[in-house]
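The residues making up each chain are set out below.
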Amino acid sequence: MATTTAPSRAAHRPAQHGRPRGARRMPKLKTTLIAALAYLIGFVFLFPYLVMVLIALRPQKELRTAQWFPDTWDFSAIAGFWSGGLADNLLVSLQVAVGSTLLVLVVALPAAYYTARHDFKGRSLFLVLVLITQMFQPTAMVVGIYREFFQFGLVDSVWSLILVNGGFNLAFAVWILNAYFSSIPRELEEAAFIDGNGRFGALFRITLPLAMPGVITALIFTFISAWNEFVVALTLSTSPENQPLPVALHSYMGQYSVDWQGLFAGSVIATIPVIILFALIERKVVGGLTAGSIK
Amino acid sequence: MKKLEPLAWVGPAVLLIAAVVIWPVIEMVRSSFLQISRFGVVREVNFPANYDKLFAEKDFADIMVRSVVWVVAIVLLTVVISLALAQLFNQRFPGRKVARWALIAPWAASVLMTAIVFKWMLDPEVGVINLIRRDLGTFVQKVFGIEPSSLGLLSTMGGDAADQLGQAGTAMPWLIFVGVFVSVPFTTYALLAGLATIPADVYEAARMDGASKMRTYWSITLPLLRPALTVAALINMMNVFNSFPIIWAMTRGQPGYDTATSTIFMYVLKNANLGESAAMSVVNFGMVIVLTVIFLRVSRWNREVA
Amino acid sequence: MNIKLAGGAALGLAAMLVLSSCGGGSGGTGTETGGGEKSASGPVTLKMVAADYGDGPGAPNAGEGFWKGVVDDFQKANPNIKVEVQVINWNDIDKQVATMVQNGQAPDILQTGDYSGFVKDGLLHKVEEILSPNVQQDMLTKFADFGKVDGAAYGLPFVSSARALFYNKELFEKAGIAEPPTTWDELKAAAEKLKKAGVSQPYGLPLGQEEAQGESFLWMLGNGGGYKDASGKWAINSPQNTETFTYVKGLVDAGLTTPNPGTKDRKTVWEDFAAGKVGMATGGPMSIPIFDKGTVKDKYAVAAIPGKSGPLDTTLGVMDWIMAFNQNKHPEEIKKFFDFFYTGPAAEKIVDLYKLLPVTNTGIQKLSGDEKLKPFLDALPNASFYPFQDPKWSELNTQIKQTMGGVVKDPAKTLGELQKAAETG
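Residues numbered from 1 in each chain as written. Chains lettered and ligands numbered in written order. Predicted model: local features only at pLDDT ≥ 70, side-chain atom pairs only at ≥ 80, totals over all residues.

In the nomenclature of an unreviewed UniProt entry, chain C is known as Extracellular solute-binding protein of Nonomuraea longicatena. In its Sequence similarities (unreviewed entry) section, the UniProt entry covering chain C states "Belongs to the bacterial solute-binding protein 1 family." (UniProt positions renumbered as here; feature names shortened; annotations may be inferred.)

The name an unreviewed UniProt entry gives chain A is Carbohydrate ABC transporter permease, with Nonomuraea longicatena as the organism. Here chain A is described in UniProt, under the heading Subcellular location (unreviewed entry), as follows: "Cell membrane". Note on chain A: under the UniProt heading Sequence similarities (unreviewed entry), the record states "Belongs to the binding-protein-dependent transport system permease family."

So, in structure tokens, the structure goes:
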């Protein structure tokens, strides 16, 4: 990021704006307009979640009143999240999301690297298999998934959710990593190899850092989709203490009535860790992205 | 030893895919050939009865057409909007980081919950979108003396005009809107990553040649973005096709089956007839393959990736 | 099948019990089916799945809490029987139970909304195997009869409910309506007045996927119709029903109901009623606590549902069921649990806690002092029911829920299509 904030010669500045002309003397008005538009769009994308917060803070009696803000603010739904045992479910969600992300990275990195660097028998078959996997969504196959995990005695366990989420997100990770590895010139790695780093040394010192944007993208993608996965978790985790948060929240929808405040309070709380993760990682992404622009 | 080398690198991935994805798929295809009671007890093999029944459903053709429209509309709109947003969020301005975080919210939140809150916002009695329509309606009435309904605005809450999800004609655009809303963050993010990989001196060269901004965008940025764009669009396509929480939470395909896609239909059938539901899954899968192949042909994917 | 069952037992919580009771070998009925854990002295674990009548986990009335109390008391009285209860919310229970059964892992006891789907596959114990004769006799006859398929009883009525018309007294006063309507025409007149008084939903009409089958059945009953005719044949598109829904269509077209009723759920209509936005709507005893939580508290009353020419002499009786799966062969233990439930305070407690209605004569007598519930208790013996025991019902019900809303656009076509689906199934 340093290269973009420090003034430098235009030729070395990464293309952050696609319009190189006059970038340094960008008119103030224009920046203001751009910023305003970006904030507005950011607000639009945040809007439904702000509405969630407003509903979560309404008292029951005002739930069906046509007004923007509650007359009295009611924080019991937020408090209820922690007293209602949902903190445990938050932990399960965290285990599932972190577990699947690690699994995906451990399995996808070598596969993607090898297919990008080596031509071997069955390489294209493997890539087709990956593409096909991407077409399937667990939504369509819950019954089959349940049957299988039942046979292995893995129903109602965090491990089964890690496996399923890992399996279904593997394709994307292999794919994106493969693309990144392919785009990194082999010569760079070979040079490092010749410099005496060894094959793995070259991989870890040169190739992996260059592929970091891809790794981060795969990581975020897997984490978020595992964090929010609902249908499989609903079928596979039966006891309340083993349910990830989205499933636990779903039980707020009763037969005759819905605890809207609890539901929305929980949803907002569930979203915060992901935003934090993203905020933490985004700097690295941008750092990695500038690295990726080396030709 | 050399021959086994690929196995060590690629083997675990193949194993995981086979165990978690392929196995259930086979199970699914098998189920579509069976007559299964509602609770899953297999009664008999009855190929092709499940398929016959499915194809004979009077809503089947409409549902399939709607599914294709659903996918194509969302993916196209998402790509166009994301291209614009990526360009915007790639500019430098103070607070860009925070704006980018806000953009990520629909991706970070569960799609199911996003759909539920949109249903809330569209509620005819208390939804905030209708509140906006009513307040604007009151405004134009007072200030300009224009009848609110002539502008698609409201004079009161409740009632038919406020009930956008109640009719297929107005519900479908909203469903697609939510579909685009949740797909844009990932796509924009992927395109931002793509933009960042375009070397600066390419633009420098274009500037030297005196190319206009538009021209630079069309002949340099867009072609160089193609790998990122292709991947993002393809991922979106597969997700959207199989995405069920949006419609499920907002309309359940109602009224009747008038807002149902094939995935929703499959879920409704699951309560009634497992075998037919499995047949729907298989047909659904066939359609994803067809759409993917068409897409890859059009985008000449093979040249860019793999 | 045997391998699957044996696998299920080995994987299940009973694995250790199997090992420890191998030497005991006092057999019993279940030796060959992986039920080897059943021995004369060893403890038996009954797995039970129940629907949650409460407001979800953590709520003070959560199903877990209720069942824990029942089970604790039961286990104190029967130290050799352990009951493990898993409470699942209504949205998911059918799906989850279906998955359990599909995998040969059915619970021993299931409490949910329907039993008939399991009968055809031979999965259930007959009632006589799992309930003492005196408790069987105490059941309301009309209710118990619906637990039978081909003359043999499999489903046990668990709790019941009936419907009546709730109306908002304040809105009625505001609109100048003195009495709750007793006929369709009075209902229409009242709705028109309510509309004039600015009520956005004079009559709450939930014909969406949640309650289409119930709301439309109540309308059918008002004209002597129903899903089946007196001879037990499907009669969804009977002339009476067509006439009924043509009338309903008139109400909808005049803007006197919830807009686009084919997409509206009961929960939403009730929420709106509780907020004073609905003039009248059908509801049950379970709506009382929901309405009491809203602004409409103390401002509503209950009346009989209007029919075409007079108030209904019947109502929709809804009952939930409890049943026992036979794969683990524990009929004796299940019988103890069921007898305990129906004769002890548990049955009374659940009715009281969730505003449900009892299914036994003793239960009705015990409640007869409750003024609020009286209209419902009176209607109970006359209740009409869904054709539950018809094996086609569950599949047809799915379709009714999805498409019944179409009656307010084209009654004849919608009813005709449903009739066709019922006949070809």
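This is not the end of the story, as more comes after the structure.
**Digging into the overall build of chain A**
Scanning chain A for helices and strands turns up 12 helices and zero strands. The order of α-helices and β-strands along chain A, N terminus first, is α-α-α-α-α-α-α-α-α-α-α-α. By the burial criterion, 52% of the 295 residues in chain A qualify as buried. Once local pairs closer than 6 in sequence are excluded, the contacts in chain A between residues at least 24 apart make up 73%. (Helix = DSSP H or I, 4+ residues; strand = E, 2+ residues; numbered from the N terminus. Buried ≥ 20, exposed ≤ 12 C-beta atoms within 10 Å, placed from the backbone. Contact = placed C-beta atoms within 7 Å.)

**A word on the overall build of chain C**
Counting its regular elements, chain C contains 20 helices and 11 strands. By the burial criterion, 54% of the 425 residues in chain C qualify as buried. Partitioning the intrachain contacts of chain C with sequence separation of at least 6 by distance along the chain shows that 73% fall at a separation of at least 24.

**Topic: the UniProt feature "transmembrane region" (unreviewed entry) in chain A**
Residues and elements named next belong to chain A. Per the UniProt entry, the sites bearing "transmembrane region" (unreviewed entry) are residues 33–57, 90–113, 125–146, 158–181, 202–227 and 260–281 in this numbering. Helix makes up 100% of residues 90–113 and strand 0%, whereas the separation of the span's terminal C-alpha atoms amounts to 34 Å. Within the segment residues 125–146, helix and strand shares are 73% and 0% respectively, and the terminal C-alpha atoms sit 28 Å apart.

**Description of the packing of helix α4 (residues 96–108) of chain B against helix α7 (residues 168–196) of chain B**
Residue and element names in this part refer to chain B. Remark: α4 packs on α7, axes separated minimally by 7 Å, with the N-to-C direction vectors making an angle of 120 degrees. As the angle between them shows, α4 and α7 are arranged oblique. Handedness of the crossing formed by α4 with α7: left-handed. For the pair α4 and α7, the contacting residues are L103, I104, P106 and W107 in the first and F181, V182, P185, F186 and T188 in the second. For the contact of α4 with α7, the per-class residue count stands at eight nonpolar, one polar and no charged. (Axes fitted to C-alpha atoms, helices over the stretch in contact; angles between N-to-C directions. Parallel < 35°, antiparallel > 145°, perpendicular 65-115°, else oblique. Left-handed = near helix turned anticlockwise from the far one by under 90°. Nonpolar A, V, L, I, M, F, W, Y, C, P; charged D, E, K, R; others polar.)

**Describing the interface of chain B and chain C**
Interfaces are often described in size by the accessible area the parts lose on coming together. Listed per partner, the contact involves 25 residues of chain B and 26 residues of chain C. Of the residues contributing to the side of chain B that touches chain C, the split by class is nine nonpolar, 11 polar and five charged.

**Details of helix α2 (residues 28–56) of chain A**
All names here are of chain A. The end-to-end C-alpha separation of α2 is 40 Å, in line with the 42 Å expected for 29 residues at 1.5 Å each. At L46, α2 shows its largest kink, close to 45 degrees, and the proline P48 lies no more than four residues downstream. Here α2 has its buried residues at A38, I41, G42, F45, P48, Y49, M52, I55 and A56. (Expected span 1.5 Å × (residues − 1). Bend = angle between axes of the 7 residues up to and from the residue.)

**Quick look at the sheet that holds strand β8 (residues 201–203) of chain C**
Residue and element names in this part refer to chain C. In space, the four strands of this open sheet follow the order β8-β9-β7-β10, with mixed pairing throughout. Strands with a single pairing partner mark the edges of an open sheet, and in this sheet they are β8 and β10 (300–303). For this sheet, the mean inter-axis angle between neighbouring strands, taken without regard to orientation, is 30 degrees. Here strand β7 (residues 164–168) pairs with strand β9 (residues 278–283) via four bridges, running antiparallel. By the bridge assignment, F166 is partnered in β9 with A281. Along the sheet, helix α13 (residues 266–274) makes contact with β7, β8 and β9, crossing β9 at roughly 130 degrees. (Pairing = 2+ DSSP bridges.)

**A few points about the nonpolar core**
The biggest cluster of nonpolar side chains holds 177 residues, and the ones touching the most others in it are A108, L170, V174, L177 and A218 of chain A together with A13 of chain B. Per element, the largest residue contribution to this core is 17 residues, and it comes from α7 of chain B. With residues near it in sequence (within four places) discarded, A108 of chain A still touches L170, A173, V174, L177 and A218 of chain A together with A13 of chain B. Within the second largest apolar cluster, 126 residues are counted, among which are W67, L131, L156 and F341 of chain C. (Core = buried A, V, L, I, M, F, W, Y, C linked by C-beta atoms within 7 Å.)

**What to know about the interface of chain B and chain A**
Between chain B and chain A, the contact holds 84 residues from the first and 83 residues from the second. Residue contributions to the side of chain B that touches chain A peak at 16 residues, all from helix α1 (residues 5–31) of chain B. Along the lines of polarity and charge, the residues of the side of chain B that touches chain A split into 61 nonpolar, 13 polar and 10 charged.

**Observations regarding the sheet that holds strand β1 (residues 44–51) of chain C**
All names here are of chain C. The strand order across the open sheet formed by five strands is β2-β1-β3-β11-β6, and the pairing between neighbours is mixed. Only two strands of the sheet have a single neighbouring strand rather than two, namely β2 (81–88) and β6 (156–162). Taken over all neighbouring pairs, the strand axes of this sheet differ in orientation by 15 degrees on average, direction set aside. As paired elements, strand β3 (residues 109–112) and strand β11 (residues 317–324) share four bridges and run antiparallel to each other. Along β11, the bridge assignment pairs L110 with M323. Lying over the sheet, helix α3 (residues 63–77) contacts β1 and β2, oriented at roughly 170 degrees with respect to β2.

**Examining the domain arrangement of chain C**
Residues and elements named next belong to chain C. When its domains are assigned, chain C resolves into domain 1 (13–160 + 318–387) and domain 2 (164–315 + 393–423). Centre-to-centre separation of domain 1 and domain 2, based on C-alpha positions: 32 Å. Taken residue by residue, the interface counts 17 residues in domain 1 and 17 residues in domain 2. Counting only elements with at least two residues in the side of domain 1 that touches domain 2, the list comes to α5 (116–119) and α18 (374–379). Of the residues forming the side of domain 1 that touches domain 2, the biggest block, three residues, is contributed by α18. The class makeup of the residues in the side of domain 1 that touches domain 2 is 10 nonpolar, four polar and three charged. (Domains from an automatic or database assignment.)

**Comments concerning the packing of helix α11 (residues 262–272) of chain B against helix α19 (residues 393–403) of chain C**
For any two helices packed against each other, one specifies the inter-axial angle together with the distance between the axes. Packing of α11 of chain B against α19 of chain C leaves a shortest axis separation of 7 Å and a crossing angle of 145 degrees. Of α19 of chain C, the residues touching α11 of chain B (which contributes V268, N271 and A272 of chain B) are E395, T398, Q399 and Q402 of chain C. Looking at the contact of α11 of chain B with α19 of chain C residue by residue, the class counts come to two nonpolar, four polar and one charged.

**Looking at helix α3 (residues 76–83) of chain A**
All names here are of chain A. Of the positions making up α3, those classed as buried are A77, G80 and F81. Considered in projection along α3, the buried side chains sweep an arc of 110 degrees and stay on one side of the axis. Turned more than 90 degrees away from the buried face of α3, the exposed residues are A79, W82 and S83. (Arc of directions from axis to C-beta.)

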